[in-house]
There are 6 protein chains.
Amino acid sequence: MTELTHIDTDGNAVMVDIMKKNESERIAIAAGSIFMKSTTLELINKRAVKKGDVLSIAQIAGIMGSKRTPDLIPLCHPINLTSVNLILTPNINESSIRIEATCKVVGKTGVEMEALTAVTVTALTIYDMCKAADREMRISDIRLTYKAGGKSGEYREIE
Amino acid sequence: MTELTHIDTDGNAVMVDIMKKNESERIAIAAGSIFMKSTTLELINKRAVKKGDVLSIAQIAGIMGSKRTPDLIPLCHPINLTSVNLILTPNINESSIRIEATCKVVGKTGVEMEALTAVTVTALTIYDMCKAADREMRISDIRLTYKAGGKSGEYREIE
Amino acid sequence: MTELTHIDTDGNAVMVDIMKKNESERIAIAAGSIFMKSTTLELINKRAVKKGDVLSIAQIAGIMGSKRTPDLIPLCHPINLTSVNLILTPNINESSIRIEATCKVVGKTGVEMEALTAVTVTALTIYDMCKAADREMRISDIRLTYKAGGKSGEYREIE
Amino acid sequence: MTELTHIDTDGNAVMVDIMKKNESERIAIAAGSIFMKSTTLELINKRAVKKGDVLSIAQIAGIMGSKRTPDLIPLCHPINLTSVNLILTPNINESSIRIEATCKVVGKTGVEMEALTAVTVTALTIYDMCKAADREMRISDIRLTYKAGGKSGEYREIE
Amino acid sequence: MTELTHIDTDGNAVMVDIMKKNESERIAIAAGSIFMKSTTLELINKRAVKKGDVLSIAQIAGIMGSKRTPDLIPLCHPINLTSVNLILTPNINESSIRIEATCKVVGKTGVEMEALTAVTVTALTIYDMCKAADREMRISDIRLTYKAGGKSGEYREIE
Amino acid sequence: MTELTHIDTDGNAVMVDIMKKNESERIAIAAGSIFMKSTTLELINKRAVKKGDVLSIAQIAGIMGSKRTPDLIPLCHPINLTSVNLILTPNINESSIRIEATCKVVGKTGVEMEALTAVTVTALTIYDMCKAADREMRISDIRLTYKAGGKSGEYREIE
């Protein structure tokens, strides 16, 4: 049976020892959405034709948040991310904004947590900027959608 | 029509000026869930009888993450949180863990973002610790459930 | 003769003791400029009609940097900024962008360093984003332009 | 025509993907000055014969600030600096202190921003420590003076 | 019997709720020592007549470390320190350096942890700067020596 | 005679230049103890059968603190730790808890400071959680116990 790698047999937290692992090119993609009132999405879209809009601020926050992953997640290894890319796509039908983050590294461990952190910080920043207009926003469906590199091989979300 | 308070009329980002606002006791409660395979939840529950289990580590991460909110969310004001409290409740029927964070402050601005950040960092930490066993976990339904204090008055999520 | 307040009579660094000082409303304005090739300024201006342009990213970085002042400047007191505002003004004649930061707090100490830090982080971010096109950019004339609140009274730069 | 590498064709901020770049030895030197009243420079120089003087504190702040570059500059990659060196030279004729920072790394990207950040945090710290004696100090002429390593080759400031 | 205030009756970590506590002037003093070879202490003392010596660098690190206390200690409240003061005293007889930190705040909670963190970061920095000359240094006797303010009253170490 | 590597011949602080050093597998082990009243140790042990106990929270804090070493210690190089492991052992005879930290990296510089920082942050966190019950706790005997890798060879504490 699969075991939790971050807890040892005595129940202690463990930052998994990756010293002997090979460096390889690794990529992870995570996604999620923030759902809101249609009037809130309209407000965001109205601003999106000007500089300094909600989405570009949230995108910057997500990139910066991704770099803070080892400060936030106790057992994450510090790594030198080689790329963080965020795509924010308003969806008028769902009254939501879809957030997708792609992270890359050449290293001994994967970048799933960096991609997931990028998505959540982006979503939280959208929430912050719109909360005076809409307190009922909801951040959902944050998950890993793709992963490659490392010995565990490729993973692709079953849609 | 309600406007976005964090963008000025020229489209610039704004850290809202709260200098003239009164200090008051403020509270915010946020909640969310992480959904997983039933076998993953079993692994977590098996460990929960020992020290150092997944949930207590995630709880600590959430409390610490809450304190980093102004570092992560660009337009959040730095504040002196007087309390962060996190309750993690496994739900076997849903195969999920529900996370609820309560933040308090005596200050000029609310603590919604601190509560929401606490929930998301807690969920991300659970993800990190279980990802070797389950890559399909999903973080969802993160939202504000209660808010009091400040001039905008009490807010309670309609369930 | 005026003495350095941050060094004691034995030559030790001192975080000035402000416990007995009264809280008051304080404001500081700092300014500075980044000079560049005219073609670089054109590139920035071309992008400024789209979202995600150089200036709005630099503005966000400046606001976030301002909040990190006590982490960066050894003897600065941690404070709860109530406002950070940044205005970026391209100047085609000088081939420069002027950066002005206004910081406010209700506290026992001034916010000059927060305003100056906001200006410099904004300028550094512009440099970073344009450095592939122009390595000769120059950040200059960073100084305090206005200060009010506290017992030392109002200060206004002599132009 | 040269394009801005940190903005994609849709106007989004981009942390440039460096995964495929080779690691090489890289060096960057940046410089700048802080100008002050002659009496302020005298105060600094008087202290410089004792331990704990303004310049050594500012130098430490600059080294530490350099390590925070990826936390401050949104699209900078986290890197493992192998060296930061700061030289502070009082100039009595100009009534200024010249600051020069040299940063080195073995990596996939250059260290210009780390050197520029070291210079600015050093200058800001001098400002902070002397501001009770002199509010009119001015930080100027911050620029890259030398760069080597990486595919773009050597750069040397034209004096 | 006295109970642990940071663990609730279910065993969860708790950031103690201080919202209803009064603000008062609080002070804490902590002390500790780093013991080393006599030749190491001589090296430090030799440098102490020049600028940039080990002790002044360690002192700056201790002040900055004190400000990071809520980032490091999970259940510490963020506070606005009004003063941090560090005194480093070489003791030739013991071949040690004694470190004493005094922290002050006007707030709802004490500053013991800030003073203890200042002492330990100072000691660690001395260790770092001398470790090439002496690997056997030992950091010891870190404890609270004085505390005043707040409802628990004055505490003074029994010597 | 051995010289201090972190101070140059002019007395300036130096982040030692490691660019030309080879990468190698490095390990460091540090240890220390926190001494307390026997009743305090009993309180900790009583909780240790439940989740969220003092020791597991302190262990997490130590792991996270270890990752912050280059933020805290001025002249430490940023590195990508591949492992941090903490063992906490209550000692009823001494009325203490012994803390041992093992850090590993593949890099150009050792991880002594990371191991020592892990031990001290762990000890400080125990202090914080128990301070309402015991103000007389004492953190002592923090030292390097083992080191391997790098050109200086293996070091083992003489017991």
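Everything quoted here is computed from the prediction, not taken from an experiment. (Residues numbered from 1 in each chain as written. Chains lettered and ligands numbered in written order. Predicted model: local features only at pLDDT ≥ 70, side-chain atom pairs only at ≥ 80, totals over all residues.)

Engineer: Just checking my understanding: could you explain the overall build of chain A for this structure?
Structural biologist: When its secondary structure is counted, chain A shows 4 helices and 5 strands. When its helices and strands are written in sequence order, chain A yields β-α-α-α-β-β-α-β-β. Taking all contacts inside chain A whose residues are at least 6 apart in sequence as the whole, residues at least 24 apart take part in 70%. (Helix = DSSP H or I, 4+ residues; strand = E, 2+ residues; numbered from the N terminus. Contact = placed C-beta atoms within 7 Å.)

Engineer: How do you make sense of the interface of chain B and chain A when you look at a structure like this?
Structural biologist: Accessible area lost during the coming together of the parts is what is often quoted as the interface size. Every contact between the two is made by 50 residues of chain B and, on the other side, 50 residues of chain A. Of all the secondary structure elements, the ones that give two or more residues to the side of chain B that touches chain A are helix H1 (38-47), helix H2 (54-67), helix H4 (112-130) and strand S4 (138-148) of chain B. If one sorts the elements of the side of chain B that touches chain A by residue count, H4 of chain B sits on top with 12 residues. Looking at the side of chain B that touches chain A, its residues break down into 26 nonpolar, 11 polar and 13 charged. In this structure, strand S4 (residues 138-148) of chain A lies alongside S4 of chain B, joined through 2 bridges in antiparallel fashion. By the bridge assignment for S4 of chain B, Ile139 of chain A is matched with Ile142 of chain B. (Nonpolar A, V, L, I, M, F, W, Y, C, P; charged D, E, K, R; others polar. Pairing = 2+ DSSP bridges.)

Engineer: Hey, could you run me through the interface of chain F and chain E in this one?
Structural biologist: Tallying the contact residues gives 50 residues for chain F and 50 residues for chain E. The biggest single contributor to the side of chain F that touches chain E is helix H4 (residues 112-130) of chain F, with 12 residues. A breakdown of the residues in the side of chain F that touches chain E according to their chemical character gives 26 nonpolar, 11 polar and 13 charged.

Engineer: Sorry, what's going on with the relation of the copies chain B and chain A here?
Structural biologist: The operation relating the two chain copies consists of a rotation about an axis and a shift along that axis. In the superposition of chain B on chain A (RMSD 0.0 Å, axial shift 0.0 Å), the rotation amounts to 180°. On this basis, the relationship between the two copies can be described by a two-fold rotation axis. Distance from the rotation axis, computed per C-alpha, reaches its smallest value in chain B at Ser140 of chain B: 1.9 Å. Looking at the interface residues of chain B, 100% of them are also at the interface in chain A, so both copies use one shared face. (Least-squares fit on C-alpha atoms with pLDDT ≥ 70 in both.)

Engineer: What is the right way to look at the pairing of strand S1 (residues 24-35) of chain D in this model?
Structural biologist: A regular strand places its side chains so that they alternate between the two faces of the sheet. All names here are of chain D. The element S1 is extensively covered by neighbouring structure, given that 9 of its 12 residues are classed as buried. Pairing between S1 and strand S3 (residues 96-107): 12 bridges, direction antiparallel. Bridge pairing in S3 places Ala31 opposite Glu100. Of the pairings in the sheet, the one linking S1 to strand S4 (residues 138-148) comprises 8 bridges and is antiparallel in character. Its bridge partner lying in S4, Ser33 is registered against Ser140. (Buried ≥ 20, exposed ≤ 12 C-beta atoms within 10 Å, placed from the backbone.)

Engineer: Teacher, can you tell me more about the relation of the copies chain F and chain E here?
Structural biologist: The operation relating chain F to chain E is a screw motion whose rotation component is 180°, with 0.0 Å of axial translation and a residual RMSD of 0.0 Å. Same-surface contact between copies: 100% of interface residues of chain F are shared with the interface of chain E.

Engineer: I'm lost on unusual backbone geometry in this one. Help?
Structural biologist: Most peptide bonds are trans, and most residues other than glycine sit at a negative phi. You will see that Asp141 of chain A, though not glycine, has its phi angle at about 60°, which is positive. The topology assignment puts Asp141 of chain A in strand S4. In this structure Asp141 of chain A comes out as partly exposed when scored by C-beta crowding, with 19 C-beta atoms within 10 Å. In this structure, Ser95 of chain D takes a positive phi of about 55° despite not being glycine. Relative to the assigned elements, Ser95 of chain D resides in the loop between strand S2 (83-91) and S3.

Engineer: Would you explain the arrangement of the chains in this entry?
Structural biologist: The two units chain B and chain D never meet; even their closest C-alpha atoms stay 9 Å apart. Between chain A and chain E there is no contact, and the shortest C-alpha to C-alpha distance separating them is 9 Å.

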